[in-house]
Amino acid sequence: MPEAPIVLITGGTGFLAGWIIVLLFRQGYRVRTTVRTLSRAAEIKSSIRAADGITETQISSLQVVQADLVKDEGWAEAVKDAIYVLHVASPFPAALPKHEEDLIIPARDGTLRVLRAARDSGTVTRVVMTSSFAAVGYGHPKERSQSGIPYTEKDWTYLGPGNTVPPYNKSKTLAERAAWDFMKTLESQGNTKLELAVINPTAILGPALGKDDASSLRTVTELLNGAIPGCPRLQFGIIDVRDCADMHLRAMTDPKAKGERFLCVGEGSLWIEDIAKILRKNLGPKARKVPTMVLPNIVMRGVALFVPVARLVLGDLGVAKVISNAKAREVLGWQWQYSSEQAVMASADSLIKFGMVNL
Ligand SMILES: NC(=O)c1ccc[n+]([C@@H]2O[C@H](COP(=O)([O-])OP(=O)(O)OC[C@H]3O[C@@H](n4cnc5c(N)ncnc54)[C@H](OP(=O)(O)O)[C@@H]3O)[C@@H](O)[C@H]2O)c1
């Protein structure tokens, strides 16, 4: 029997990457991942052990290679003999960076490093890049977002003159643009062996596999910890991490995914107030710190005068964006399995289990 293909997934320490590794093992692939420091290999193995359906033999077979998105070293070794690359790693910080370049350089230049290594490997046939709704639905006039016309894969975040797009959203937009430009150049050189598909997730919730995943679940963490006095009028598309991982694997092997981007949203969007209600309904006394008040937009504007990170969301206050998942359903045969409520509660239950909230 031929050996299973090797899949490289970048950033194995991440929340989404952990679940993708679990799904890859469940489907019988051989898996290699990159980390910035090899000392974190044990942590990844212990995280994926928390999921069902993978064996100790698989866990110990996980190959871990050191590679940083801002350095050339390690990438050739990382892609060696791999057939697929899932490029998931990218800075996803909770705080505002000092300089936007601190996010843009690893996101964009790191993506190009991964694509060049894949091209030069001689074995990789497809890269699936994790982009974001951040590269789709920002920088547009408020009227566009409020029109009720769904955002689709044809939309791109506007980075032209006068834009006020936050640094993270810029980093994802520039990284994805750079990836498609790279592919165009390859094609113009007659190189058609390497293919690219892109996944654009909205806010990812769902079960953490370890303590380190708490930063990706910061909205739920902050609500449970009572870290915010009220719920800002902000709405996000929601996707469960397990459904998001599933879409990555479909885009990896489905011939129809070649050259396509796919919005990754599940049942729909939730206001922060809705998330708070779900937590209170299901957790009872454990949710006693979850705020009940909705923060009026004028209060948020006042807060933004003193708290720089609050300035990032001012343009989205009260804005309900409609986001379509029709393309992923029609082209990839993908369907979300976890409702928004299930995704919120899976996040909360795992944060409680790992002691990441002060109830
Ligand atoms: N979470 C969401 O709501 C969401 C929504 C849409 C898209 N996304 C995208 O999904 C992907 C995964 O996000 P996540 O939620 O899983 O975030 P995460 O847990 O913070 O994972 C980010 C990963 O990127 C790695 N990374 C950051 N800078 C790096 C660098 N310079 N070199 C190498 N690796 C680096 C991190 O490694 P360290 O552990 O060493 O820091 C970590 O493994 C990202 O591309 C993110 O933009 C996330």
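Sequence order as written defines the numbering, with residues in each chain counted from 1. Per-residue local features of the predicted model are confined to residues with pLDDT of at least 70, and side-chain atom pairs are confined, for both listing and counting, to 80 or more; whole-chain, interface and lining totals are unaffected and use all residues. Only heavy atoms go into the side-chain values, all of them from the structure, while hydrogens and water stay out.

Regarding the sheet that holds strand E6 (residues 195-201)
And then number 1: A pair of strands is labelled paired if DSSP reports no fewer than 2 bridges between them. Numbering of helices and strands runs from the N terminus; a helix is a DSSP stretch of H or I covering at least four residues, while a strand is a stretch of E covering at least two. With parallel pairing, seven strands are arranged side by side in an open sheet as E3-E2-E1-E4-E5-E6-E10. The two strands at the open ends of the sheet, each matched to only one other strand, are strand E3 (63-66) and strand E10 (261-264). The sheet shows a mean angle of 20° between the axes of neighbouring strands, taken without regard to direction.
And then number 2: As paired strands, strand E5 (residues 126-130) and E6 are joined by five bridges and run parallel to one another. Bridge pairing links Val 127 to Leu 196 in E6. As a rule, the C-alpha atoms of each element are fitted with a line to give its axis, helices using only the stretch in contact, and angles between N-to-C directions run from 0 to 180 degrees.

Let's talk about the packing of aromatic side chains
And then number 1: Stacked, tilted and edge-to-face are the three classes applied to pairs of Phe, Tyr and Trp rings, where Trp contributes its six-membered ring and a pair requires centres within 6.5 Å; stacked means planes under 30 degrees apart, edge-to-face means over 60, and tilted covers the rest. In total, this model carries four aromatic pairs according to the counting rule given.
And then number 2: Seen in terms of ring centroids, Phe 133 and Tyr 138 are 5.8 Å apart; in terms of plane orientation they differ by 65°. Their pairing is edge-to-face. Neither Phe 133 nor Tyr 138 differs from the other in exposure class; each is buried.
And then number 3: Aromatic ring contacts, followed pair by pair, group Phe 133, Tyr 138 and Tyr 151 into a single cluster.
And then number 4: Consider the ring centre and the ring normal. A charge sits over the ring if Lys NZ or Arg CZ is within 6 Å of that centre and within 35 degrees of that normal. Across from the ring centre of Phe 262, 5.1 Å away, lies the NZ or CZ of Lys 327, which sits over that ring. The rule is simple: take the accessible area with a 1.4 Å probe, protein chains only, and divide by the maximum for that residue type; under 20% is buried, over 50% is exposed, in between is partly exposed.

Section: the site of the ligand
And then number 1: Looking at the ligand, there are 25 residues lining it, with Thr 13, Arg 36, Val 88, Tyr 168 and Lys 172 nearest.
And then number 2: The term polar contact refers here to a pair of N or O atoms within 3.5 Å; inside protein, the definition further demands a hydrogen-donor-capable atom paired with an acceptor-capable atom, and it admits residues adjacent in sequence only when both atoms are side-chain atoms. Between the ligand and Gly 11, the relevant distance is 3.1 Å, taken from an oxygen atom to a main-chain nitrogen or oxygen of the residue.
And then number 3: Backbone polar atom of Ile 204 to an oxygen atom of the ligand: 2.9 Å apart, as the coordinates give it.
And then number 4: Note on areas: Shrake-Rupley, 1.4 Å probe, and residue coverage restricted to the protein chains presented here. Surface burial for the ligand is 89%, taken as the share of its 900 Å² of free accessible area covered by protein chains.
And then number 5: At the level of secondary structure, the elements contributing two or more residues to the shell around the ligand comprise helix H1 (15-26), helix H7 (167-188) and strand E7 (203-205).
And then number 6: Three categories are distinguished: nonpolar for Ala, Val, Leu, Ile, Met, Phe, Trp, Tyr, Cys and Pro, charged for Asp, Glu, Lys and Arg, and polar for the others, with Gly belonging to the last. The class makeup of the residues in the shell around the ligand is twelve nonpolar, nine polar and four charged. Throughout, the term near means that a residue has one or more heavy atoms lying within 4 Å of the molecule or strand in question.

Looking at the UniProt feature "domain: NAD-dependent epimerase/dehydratase" (unreviewed entry) in the protein
And then number 1: UniProt positions are given in the numbering used here, feature names are shortened, and annotations may be inferred rather than shown by experiment. Per the UniProt record, "domain: NAD-dependent epimerase/dehydratase" (unreviewed entry) is annotated on residues 7-260.
And then number 2: Across residues 7-260, the secondary structure splits into 39% helix and 17% strand, with the terminal C-alpha atoms separated by 20 Å.

Overview of the state of the cysteines
And then number 1: For this text, the term disulfide refers to a pair of cysteine sulfurs within 2.5 Å. Applying the stated criterion across every chain yields a total of zero disulfides.
And then number 2: Cys 244 carries a free sulfur, and the closest cysteine sulfur to it, the one in Cys 264, is 3.8 Å from it.
And then number 3: Given a relative accessible area of 0%, Cys 264 falls into the buried group.

Quick word on the nonpolar core
And then number 1: Ile 20, Leu 24, Leu 86 and Leu 279 are the most contacted members of the largest nonpolar core, which has 74 residues in total.
And then number 2: Those residues in contact with Leu 279 that sit more than four places away from it in its chain are Val 220, Leu 223, Leu 224, Gly 284, Ala 287, Val 290, Val 344, Met 345 and Ala 348.
And then number 3: Counting residues in hydrophobic clusters, the runner-up holds 31 residues, among them Ala 78, Ala 117, Ala 178 and Ala 179. Throughout, nonpolar core names a set of buried Ala, Val, Leu, Ile, Met, Phe, Trp, Tyr and Cys residues whose side chains join them through atoms within 4.5 Å. Whether two residues touch is decided by their heavy atoms; if any such pair falls within 4.5 Å, the residues are in contact.

Side note on the side chain of Arg 126
And then number 1: Within the secondary structure layout, Arg 126 lies in strand E5.
And then number 2: A polar atom in the side chain of Arg 126 sits 2.7 Å from the backbone oxygen of Asp 254.

Some words on the sheet that holds strand E11 (residues 268-271)
And then number 1: Read across the sheet, three strands follow the order E7-E9-E11 without closing on themselves; strand pairing throughout is mixed. Each edge of the open sheet carries a strand with a single partner, namely E7 and E11. Looking at each pair of strands side by side, their axes are set apart by 50° on average, direction ignored.
And then number 2: Here strand E9 (residues 235-240) pairs with E11 via four bridges, running antiparallel. In the sheet register, Phe 236 faces E11, and the bridge partner there is Leu 270.
And then number 3: Against the sheet, helix H9 (residues 241-253) contacts E7 and E9, and its axis sits at roughly 70° relative to E9.

Side note on the packing of helix H8 (residues 218-225) against helix H10 (residues 272-283)
And then number 1: Contact geometry of H8 with H10 gives a least axis separation of 11 Å together with a crossing angle of 60°. Compared by their axis directions, H8 and H10 come out oblique. Considering only the axes of H8 and H10, their crossing is right-handed. Of H10, the residues touching H8 (which contributes Thr 219, Val 220, Leu 223 and Leu 224) are Ile 272, Ile 275, Ala 276, Leu 279 and Leu 283.
And then number 2: Class assignment for the residues of the contact of H8 with H10 results in eight nonpolar, one polar and no charged. In this scheme, roughly parallel covers angles under 35 degrees and roughly antiparallel covers those over 145, while 65 to 115 is roughly perpendicular and the rest are oblique. Two helices that cross are described as forming a left-handed crossing if the nearer one is turned anticlockwise from the farther one by less than a right angle, and a right-handed crossing if clockwise.

Focus on the UniProt feature "transmembrane region" (unreviewed entry) in the protein
And then number 1: UniProt feature "transmembrane region" (unreviewed entry): in the numbering of this structure it lies at residues 6-25.
And then number 2: Taken end to end, residues 6-25 is 55% helix and 20% strand, and its two terminal C-alpha atoms sit 11 Å from one another.

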